[in-house]
Amino acid sequence: MTILVTGATASVGRLLVDELVAVGAPVRALTNKPARAALPEGVEVAVGYLGRPESLPAALTGIDTVYLAPLPAYVDDFVRCALEAGVRRVVVLSGEPAEYEAQGDPASWHYYRVERAIEEAGFEWTFLRPGQFMNNTLDWAPSIKSEGVVRAPYANAVQTPIDLADIAAVARVALLDESFTGQKLVMSGPEALTQPQEVEHIAAAIGRPIKFEEQTPQEYLDQLTPYTGLETAQWLLDGFRMMAEHPMTPEPTVANLTGRPGTTYAEWAVRNAEVFR
């Protein structure tokens, strides 16, 4: 049965397409820009986007199982179209904060809004809950290149960053193995690190020193707000604060489901060294 991968040109979705093709699973890729995606031969392409609900009925025709990228604003449209198409299973790319969101104001729900909509609609579901992406630290590249410095708040915040390829590998397992139905798969990288430790790994990968400068919370907000808006900047700052107050510990999900160890940050830094040079 063909699997629909939504967000097939997005960071995780594109890697998931490759994962599924590698094991011979039939894939239909939902994408607005199939030419740019350079999808593998044999992948069926559905031109569309979760944010354009009118494109979903054709994409969902004949589909039993969906990998759902997180787009909370349009989840109700997806649910309606998927129910009409007879979709049975949905594997959702959610996030580790979903459990925390569930305890708060529904107006602040993001990942949990998607999870709740899928569960209440009656689909068979699996929720993938990765923590912080290693790729988030690509944002440090400009200041590393120009000044040899990284500025960020809460230097003592302990994180467990995960590689996108490991998320895609877990998603492939969850899509093909129905024994994970009804499970919330919290996942992380294999090690707990502070931001200064991540900076040390990047420095080793590019072969030159990088300085870490701790920002005050207000300095961080002042820097980020013009680009993301105050609400998003505050949400990110609160995440760092929570990881300082409650250090994260690695989850074994990647190794348990894929049979191989997760990617370390040092390995990721070597693979992405040119971005920081």
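Quantities reported herein were computed from a predicted structural model and do not represent experimental measurements. (Residues numbered from 1 in each chain as written. Predicted model: local features only at pLDDT ≥ 70, side-chain atom pairs only at ≥ 80, totals over all residues. Heavy atoms only, no water.)

Undergrad: So what exactly am I meant to see when it comes to helix α8 (residues 164–176) here?
TA: In an α-helix there are 3.6 residues to a turn, and that puts residues three or four apart on one side. Between its terminal C-alpha atoms α8 stretches 19 Å, which fits the 18 Å expected from 13 residues at 1.5 Å a residue. Taking burial as the measure, the 13 residues of α8 include 10 buried ones, the bulk of the element. Within the sequence span of α8, burial applies to Leu164, Asp166, Ile167, Ala168, Ala169, Val170, Ala171, Val173, Ala174 and Leu175. (Helix = DSSP H or I, 4+ residues; strand = E, 2+ residues; numbered from the N terminus. Expected span 1.5 Å × (residues − 1). Buried < 20%, exposed > 50% of the residue type's maximum accessible area, 1.4 Å probe, protein only.)

Undergrad: Hey, could you run me through the sheet that holds strand β5 (residues 89–93) in this one?
TA: The seven strands lie next to each other as β3-β2-β1-β4-β5-β6-β8, forming an open sheet whose pairing is parallel. In this open sheet, the two edge strands, each paired with only one partner strand, are β3 (44–47) and β8 (184–187). On average, adjacent strands in this sheet sit at an angle of 20° to one another, irrespective of strand direction. Sheet topology places strand β6 (residues 124–130) next to β8; four bridges connect them, and they run parallel. Paired with Pro130 across the two strands is Met187, which belongs to β8. Sheet strands touched by helix α1 (residues 11–22): β1 (3–5), β2 (27–31), β4 (65–68) and β5. Its angle to β1, the strand with the most contacts, is close to 155°. Along the sheet face, helix α6 (residues 111–121) touches β4, β5 and β6 and points at about 165° away from the line of β6. (Pairing = 2+ DSSP bridges. Axes fitted to C-alpha atoms, helices over the stretch in contact; angles between N-to-C directions. Contact = heavy atoms within 4.5 Å.)

Undergrad: What exactly am I supposed to notice about the pattern of salt bridges here?
TA: Under the criterion given, the structure shown has 18 salt bridges. Across the pair Arg14 and Asp18 runs a salt bridge, and its minimum N-O distance is 2.8 Å. Residue Arg14 and its partner Asp18 are located together in helix α1, separated by four residues, close to a single helical turn. Taking relative accessible area as the criterion, Arg14 reaches 19% and is therefore assigned buried. (Salt bridge = Lys/Arg side-chain N within 4 Å of Asp/Glu carboxyl O.)

Undergrad: Got a minute to help me understand the pairing of β2 in this structure?
TA: Along a regular strand, successive side chains alternate from one face of the sheet to the other. Across the five residues that make up β2, a large majority, five, are buried. Side chains Val27, Ala29 and Thr31 project from β2 onto one buried face, and the interleaved Arg28 and Leu30 project onto a second face that is buried too. Sheet analysis places β1 next to β2, joined by three bridges and oriented parallel. Pairing of Val5 across the sheet is with Ala29, part of β2.

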